[in-house]
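What follows is the residue order along each chain.
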Amino acid sequence: MAYLESVGNRIAVSGELLLQNLWRLSATIHALVTKQGYSDIHLDFSKCSRALPAPMLGLCAEAAQLRLHGVDISLTLPTDLTSARVFVNANWAHEIDPAHHKRSTYRGNRSMPVMKFDSTAEQTTAVNRLVDSILCTVTEVQRDDLNAIEWALNEVTDNVLVHSQSKVGGFVQLTNFPKTNRVEFSVADAGVGIPATLRHAFPDLNDSQLLERATREGVTRDGKVGQGNGLFGTFEVARASNGRFSLLSGFGNLRYESDELRLGLEKAPYPGTLVAANLDCANPNALADALRIGNKKYLPMDYIELRYEDRSTDDLVFRMQEETDSFGSRVAGTPVRQKLVALLRLNPNKRIRVDMSNVPFVSSSFADEVFGKLFKQIGPLGFASAIELSELSSVTRALIDKAIAQRMQSPN
Ligand SMILES: Nc1ncnc2c1ncn2[C@@H]1O[C@H](COP(=O)(O)OP(=O)(O)O)[C@@H](O)[C@H]1O
Ligand SMILES: [Mg+2]
């Protein structure tokens, strides 16, 4: 639990920033701006030991909204180096205080940096990138479960574009926990909030009761724009997977955890909407089974289908050029191999054609990391029956051949 202290225009956050600290922090910022008239606020995280993604994402949306109204927020990173690195890598520092902190260059797949979206094109790019990161890291996830997560990500981000009227768009962040097979994501906006959009339909309900309504099947602000499945389905997916689900909007606070639903009313509003879900992918197909809408199991569109299936052949087509920015290092090769392994596991009866067009060269370490290790992992017959390489230059062919031969001779 974090401790907040404000002196002048400076707010110091110490300890661990949790979701339940966000209201206080928002209210403190709000009071400094509206009551005391500050147009620059300083957030001092130097004594912050750790911050969770969901409240930080909420803060990113708030900071963007304040900036739009001429209020600048500056930020001091935690003195704890591990924490400071997370602030930078996750893009929190940049989104909150872009004047002093550069955009994250972190390229890993575990803690994805915050992404912003303000159009369906940006939303699609963000969701695809996130699904891709799950595919590369969470080794136990089943294909239908991946679809269910993709569906939920699409629905919650779609809500920002369709309902929120957020002037700063939406913010999304996802973290993969490969050891526990969990995926956690948050989506935030600085729009009008869920209670404001639903109040006309349920004038007697308070903000937290309105949040609960929003998660029921078929509840939508307008039957012409929605069907009321998005929050319901996302909540069900979280529930089915022994997960957690939180919704913050206006004065309302809805939290589902350990089979228990809690509704709360806060003293200060969260100025927008924040949705956070933590899902357990270890229970095969639980997530997909949860997606029953109108008692019919709902099969959403499928990232793998769209990206890797090819109408002209039964094989999956893996375009190497689109899979990585670099063909030079082991670091670049590891997620590529992990994704090939995941695709083979999720599609046991398919072959993968690895299309090397427009790949000018690969380094020996990249060739070993992807093909050498894959060959060793699935064996010569497995490799021969499942993988086909096409559009290879003769140099690349020789390098991959050599990498595989050497890897087979090495003891590990
Ligand atoms: N980000 C948001 N901002 C404002 N209102 C929202 C947001 N997300 C959801 N809502 C409200 O919750 C309702 C239910 O959302 P959802 O279950 O996705 O159904 P639908 O989008 O089909 O209406 C929406 O109709 C809208 O009133
Ligand atoms: Mg929706």
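So, here's what we can say about the structure.

Turning to the sheet that holds strand E13 (residues 316-319), a few remarks are in order. Pairing in this open sheet of three strands is parallel, and the strands run E13-E14-E15 from one edge to the other. Of all the strands in the sheet, the pair left with one neighbour each is E13 and strand E15 (387-390). Within the sheet, the average angular offset between the axes of one strand and its neighbour, ignoring direction, is 25 degrees. When strand E14 (residues 352-355) meets E15, the two strands line up parallel, connected through four bridges. Following the sheet pairing, valine 354 is matched in E15 by leucine 389. Against the sheet, helix H13 (residues 330-346) makes contact with E13, E14 and E15, and its axis sits at roughly 175 degrees relative to E13, the strand it touches most.

For the rest of this paragraph, the subject is the site of ligand 1. The local shell around ligand 1 holds 19 residues, among which His163, Thr197, Thr220, Arg221 and Gly228 are the closest. Aspartate 189 places a side-chain nitrogen or oxygen 2.9 Å from a nitrogen atom of ligand 1. One nitrogen or oxygen atom from the main chain of glycine 228 is found 2.7 Å from an oxygen atom belonging to ligand 1. For ligand 1, the protein covers 96% of the area, taking 530 Å² as the surface of the free molecule.

It is worth spelling out the pairing of strand E8 (residues 182-189) at this point. Most of E8 sits out of view: eight of its eight residues are buried. Pairing of strand E7 (residues 170-177) with E8 involves eight bridges; the strand directions are antiparallel. Along E8, the bridge assignment pairs leucine 174 with phenylalanine 185. Counted along the chain from E7 to the antiparallel partner E8, the turn is four residues long, and its residue asparagine 181 has a positive phi close to 55 degrees. Two strands pair when backbone bridges link them, and E8 and strand E10 (residues 260-280) are joined in this way by eight bridges, in the antiparallel orientation. Bridge assignment links serine 186 to a residue of E10, and that residue is alanine 276.

Structurally, threonine 215 can be placed in the loop between helix H8 (207-214) and helix H9 (230-240). Excluding anything up to four places from it in sequence, threonine 215 contacts Leu231, Phe232, Phe245, Leu247 and Leu254.

Applying the stated criterion to the full structure yields 24 salt bridges. The salt bridge involving arginine 407 is made with aspartate 368; its shortest N-O contact spans 2.7 Å. Here aspartate 368 lies in helix H14 (residues 364-386) and arginine 407 lies in helix H15 (residues 394-409), a separation of 39 residues in the sequence. Of the two residues examined, arginine 407 and aspartate 368, each falls in the buried class. When salt bridges that share partners are traced, they join Arg330, Arg337, Asp368, Glu369, Lys373 and Arg407 into one network.

When you line up the elements, arginine 182 lands in strand E8. A sequence separation of 42 residues divides arginine 182 from glutamate 140, and the C-alpha atoms of the two residues are 9.6 Å apart. For arginine 182, the contacting residues outside a window of four places in its chain are Val138, Thr175, Asn176, Phe177, Ser241, Asn242, Gly243, Asn278, Leu279 and Asp280. Separated by 3.2 Å, the side chain of arginine 182 and the backbone oxygen of asparagine 242 make a polar contact.

The full count for this structure, using the stated rule, is seven aromatic pairs. Here the aromatic rings of phenylalanine 87 and tryptophan 92 are separated by 5.3 Å at their centres, their planes lie at 85 degrees, and the arrangement is edge-to-face. The same class applies to phenylalanine 87 as to tryptophan 92, namely buried. Ring plane angle 15 degrees and centroid distance 5.9 Å describe the contact between tyrosine 308 and phenylalanine 318, whose orientation is recorded as stacked. Of this pair, tyrosine 308 sits in helix H11 (residues 303-308) while phenylalanine 318 sits in strand E13; the two residues are 10 residues apart in sequence, bridging distant segments of the chain. Taking relative accessible area as the criterion, phenylalanine 318 reaches 0% and is therefore assigned buried. Each residue in the set Phe45, Phe87 and Trp92 is aromatic and connected to the rest through ring pairs, giving one cluster.

Quick notes on the rules
Residues numbered from 1 in each chain as written. Chains lettered and ligands numbered in written order. Predicted model: local features only at pLDDT ≥ 70, side-chain atom pairs only at ≥ 80, totals over all residues. Heavy atoms only, no water. Pairing = 2+ DSSP bridges. Helix = DSSP H or I, 4+ residues; strand = E, 2+ residues; numbered from the N terminus. Axes fitted to C-alpha atoms, helices over the stretch in contact; angles between N-to-C directions. Contact = heavy atoms within 4.5 Å. Near = heavy atom within 4 Å. Polar contact = N/O pair within 3.5 Å; in protein donor to acceptor, adjacent residues only side chain to side chain. Areas by Shrake-Rupley, 256 points an atom, 1.4 Å probe, with all protein chains shown as cover. Buried < 20%, exposed > 50% of the residue type's maximum accessible area, 1.4 Å probe, protein only. Salt bridge = Lys/Arg side-chain N within 4 Å of Asp/Glu carboxyl O. Phe/Tyr/Trp six-rings, centres within 6.5 Å; stacked < 30°, edge-to-face > 60°.

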